[in-house]
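Summary of the model geometry
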Amino acid sequence: STSIKKISVAEKPAIAFVSGHGEPGLDMMPQVNAALSILYEVEDINLSDTALVPDKYKTIAIVAPNDSFTTGQLQMLDQFLGRGGNLLIALNRVTADFSNLAGSVINTGLESWLQMKGVTVEDNFILDTRCGAVTVQQQQGFFRFANNIQFPYLPIIQKFAEHPITKGLESVIMQFASPITFSGDTSTTFTPIAFSSEKSGTAKAPLFLDIQKKWTETDFPMRNLSVAGILQGRIAGSNFARIII
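Residues numbered from 1 in each chain as written. Predicted model: local features only at pLDDT ≥ 70, side-chain atom pairs only at ≥ 80, totals over all residues. Heavy atoms only, no water.

Two side chains bearing opposite charge may form a pair once their charged atoms approach each other closely. Applying the stated criterion across every chain yields a total of seven salt bridges. For the salt bridge of K56 with E43, the shortest nitrogen-to-oxygen distance reads 3.1 Å. With K56 in the loop between β2 (41–46) and β3 (57–63) and E43 in strand β2, this residue pair connects regions lying 13 residues apart in the sequence. Overall, the relative accessible area of 47% leaves K56 in the partly exposed class. With relative accessibility at 25%, the residue E43 sits in the partly exposed group. A salt bridge links K117 to D78; its shortest N-O distance comes to 2.7 Å. (Salt bridge = Lys/Arg side-chain N within 4 Å of Asp/Glu carboxyl O. Helix = DSSP H or I, 4+ residues; strand = E, 2+ residues; numbered from the N terminus. Buried < 20%, exposed > 50% of the residue type's maximum accessible area, 1.4 Å probe, protein only.)

In structure tokens form, the structure reads like this:
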């Protein structure tokens, strides 16, 4: 069906990926670019270069920014949503440096902008018993060997809501995730679509990542923390809009 649609679409709709805040370029996401390019025109957009998001874009994506958005740029996003646009925000609220094992908070302005809309991406790390591993070099006598150690800061997400976005997904590993909560009014709804496991927890940033830590059941007192969701409704005006977070 994708092939049929590909040859039947005379004019592909356009999707824009925001740049200018440390986001990876499309050349660093070749699989994403190749998959989307079948049915869409995929382009970069720099919010500093234009007064408004061009009308040809019905959807724009912000992926892993690490620098600040200006007030004017956030107003541009509101104007885009106000005309019924769709927005994807793949936001790293926390990050870690493995060279010094330091975990820290990332502030871009998007988190406070989302909070004004009722969505809070918390500035802490999700911990999960269902997790990925890191390779640690260890010395034993004259021998040096690599040892894989389970690392709860790398949650493997296997619980998904019934939704077209997550349909068919079996598991997704996240490199440092944060919980998402909603406290908005009735003009919008928030639908969580991906969750941590039944044995989860959180750790407040900044922190030291202790790879050799002996984890216990008490470190994972939580369950089903939301790591992705959809905010939809009259987000920034009278038109229906969506933000995938």
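Still more ground to cover, so stick around.
Between A205 and the following residue, P206, the backbone shows a cis peptide bond with an omega angle of 0°. Considering the arrangement of structural elements, one finds P206 in the loop between β15 (200–204) and β16 (207–208). The phi torsion at L101 lies on the positive side, around 55°, for a residue other than glycine. With respect to the helices, strands and loops of the structure, L101 is situated in the loop between β5 (94–97) and β6 (102–105). Using a relative accessible area of 19% as the deciding quantity, one classes L101 as buried. The backbone of N224 sits at a positive phi, close to 55°, despite the residue not being glycine. Here N224 shows up in the loop between β16 and β17 (226–233).

Glancing now at the pairing of β3. Where burial is concerned, most of β3 is hidden: five out of the seven residues are buried. Two strands pair when backbone bridges link them, and strand β1 (residues 14–19) and β3 are joined in this way by four bridges, in the parallel orientation. Across the sheet, residue F17 finds its bridge partner in β3, namely A61. Where β3 meets strand β4 (residues 86–90), five bridges bridge the pair, whose relative direction is parallel. Bridge pairing in β4 places I62 opposite I89. Between β3 and its parallel partner β4, the chain crosses via helix α3 (residues 71–82), and the hand of that crossover is right-handed. (Pairing = 2+ DSSP bridges. Right-handed = clockwise from strand over helix to strand, strands pointing away.)

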